[in-house]
Amino acid sequence: MYKKYEKVKEILKENKQEHLLIWYDKLIEQKREQLLDRILTIDFEQINELYKQAKQKKDFKECKVEPLSYIDKEKLSKEDKEKYEAEGKKEIAEGKYAVVTMAGGQGTRLGHNGPKGTFELEVGEKKPLFTLLAQTIKEANKKYNVTIPWYIMTSRENNYKTTDFFKRHDYFGMGEENIKFFIQNELPMVDVKGKILVDEAGMIKDAADGHGGIFEAMNKDGIIKDMKKRGIKWIFIAGVDNVLAKMVDPILTGLAIENKCLAAGKSVVKSNPKERVGVFCKKDNRPSVIEYTEITDEMAEARDENGELLYGESHILCNLFNIKAIEEIAKNKLPYHSAFKKAKYIDKNGVIVVPEVPNAYKFEAFIFDAFERLDDMAIMRVKREEEFAPVKNAEGVDSPETAAKLYLDYIKNKK
Ligand code: UTP
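## Topic: a positive patch on the surface
Taken together, the side chains of Lys-16, Lys-193, Lys-195 and Lys-348 define a basic patch exposed on the protein surface. Summarising the element assignment, Lys-195 is placed in the loop between strand 9 (190–191) and strand 10 (206–208). The class of Lys-195 is partly exposed, set by a relative accessible area of 30%.

Here you go:
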């Protein structure tokens, strides 16, 4: 242990991060060891690079941006709809379909104490988001007479509480062997001077590396292998917080198959040109998403001959991937973006600081950066009121109140 400590000290000195051991003497033996081990896994060069990039003014990559064509589910002919549905159904019923829920986020805007999936939505009775998602998968299992495996991405921070929640709910009767958890990577948060933060427990202040971390995590934790062993070909990936996510969708699957695409995504039409959402597009001839921070007013307002927004297909984090695409994407890291956030930490004098304004950079990868690694992607526009009810904020737009209303209206209309 002493040798390890000396080695860590040396590394920290080289990288001007000596303060990371400030709380070391106050830690119990086991935590000391954990801290040293964590420091030894930090790629300081990477963190330095990310810090430098974060400080630079964001320059959007010069590239050719064009609209990406899409299919409107509502406007599909009866024949096409039936054809896609039949193709997709076949894959699902043959056990080639899996669902992945990304539940590694911190849910800071919602402010719920615990993993977001355990947040209870008032829908007649209080139901946790995980319960609502489980219900959707169970209905599909029944409909297609199959057991669809469910994979859940957690973070180091919420993994225990998430897995414990499922245990306490007896895996919703779906069988423990059919629900698998995997933990995404994390990266240290750094302050405005590039110093890695020490958290309230004296350890490294780490944060989950964004939903784009999913591919690397699936690879590292043997999830891709597990899927292949089960004969899975199509994987639907969505967030934990859209209670209307139609996660088992034969039409989307059929559309991908018919168009020979290794991925497909669902969109809802942007409610107005200024809505703060990312929209599907083509960048240098590859599928992509342009963020609301990147899009020019002119592009946001542009309409086609039918009066539809040219860039109006919002990315709602509901995407389908072929296993081959996931394997390919997982071979190389996605780029990281930085966000400036409030982060509690221990300063170099050993004082806990609770900032009132953002003070630290968090580094995150975005799942949609993976789209650019694909030749093409099939986009299907779906109805917002049928498939998109996000729980993001504690109140106002995209809050439990709006999501519960959308959910209840949907159930009522379905009857
Ligand atoms: P959001 O970007 O809305 O983040 O994630 P969030 O963590 O839920 O909420 P805020 O921004 O802190 O308020 C969209 C989806 O991606 C997942 C989230 O759990 C959510 O389902 N996600 C996000 C991850 O799984 N890991 C991450 O690192 C980030």
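## As for the environment of Leu-68
Within the element layout of this structure, Leu-68 appears in the loop between strand 1 (65–66) and strand 2 (71–72). Exposure remark for Leu-68: the relative accessible area of 8% places this residue in the buried category. Taking C-alpha positions, Leu-68 is 9.2 Å from Ala-378, a pair spaced 310 residues apart along the chain. Once residues lying within four places of it in the same chain are set aside, the contact partners of Leu-68 are Phe-280, Cys-281, Lys-282, Pro-287 and Ile-379.

## What to know about unusual backbone geometry
For Asp-284, which is not glycine, the phi dihedral falls at a positive 45°. On the secondary structure map, Asp-284 appears in the loop between strand 13 (279–283) and strand 14 (286–290). Even without being glycine, Leu-317 reaches a positive phi, approximately 60°. Judged by relative accessible area, which is 16%, Leu-317 ranks as buried.

## Focus: the pattern of salt bridges
Counted by the stated rule, this structure contains 38 salt bridges. Between Asp-206 and Arg-38 there is a salt bridge, and its shortest N-O distance comes to 2.8 Å. Taken together, the residues span a long stretch of sequence, with Asp-206 in strand 10 and Arg-38 in helix 2 (residues 29–41) at a distance of 168 residues. Considered together, Asp-206 and Arg-38 belong to a single accessibility category, that of buried residues.

## Here we look at the pairing of strand 4 (residues 120–123)
Here strand 4 shows a buried face lined by Leu-121 and Val-123 and an unburied face lined by Glu-120 and Glu-122. Across four bridges, the pairing between strand 4 and strand 5 (residues 125–128) is antiparallel. Looking at strand 5, one finds that Glu-122 is bridged to Lys-126. Between strand 4 and strand 5, which pair antiparallel and follow one another directly, the connecting turn spans one residue, one of which, Gly-124, has a positive phi of 90°.

## Some remarks on the pairing of strand 15 (residues 313–322)
Buried residues dominate strand 15, accounting for 10 of its 10 residues. A two-sided burial pattern is seen for strand 15, the buried positions comprising Glu-313, His-315, Leu-317, Asn-319 and Phe-321 on one face and Ser-314, Ile-316, Cys-318, Leu-320 and Asn-322 on the other. Relative to strand 15, strand 12 (residues 263–269) runs antiparallel, the two sharing six bridges. Each residue of the ladder has a partner; that of Ala-264, found in strand 15, is Leu-320.

The rules behind the values
- Residues numbered from 1 in each chain as written.
- Predicted model: local features only at pLDDT ≥ 70, side-chain atom pairs only at ≥ 80, totals over all residues.
- Heavy atoms only, no water.
- Patch = residues over 30% accessible without salt bridge, like charges linked within 9 Å, V, L, I, M, F, W, Y side chains within 5 Å.
- Areas by Shrake-Rupley, 256 points an atom, 1.4 Å probe, with all protein chains shown as cover.
- Salt bridge = Lys/Arg side-chain N within 4 Å of Asp/Glu carboxyl O.
- Lys, Arg positive; Asp, Glu negative; His and termini not counted.
- Charge placed at Lys NZ, Arg CZ, Asp CG, Glu CD.
- Helix = DSSP H or I, 4+ residues; strand = E, 2+ residues; numbered from the N terminus.
- Buried < 20%, exposed > 50% of the residue type's maximum accessible area, 1.4 Å probe, protein only.
- Contact = heavy atoms within 4.5 Å.
- Pairing = 2+ DSSP bridges.

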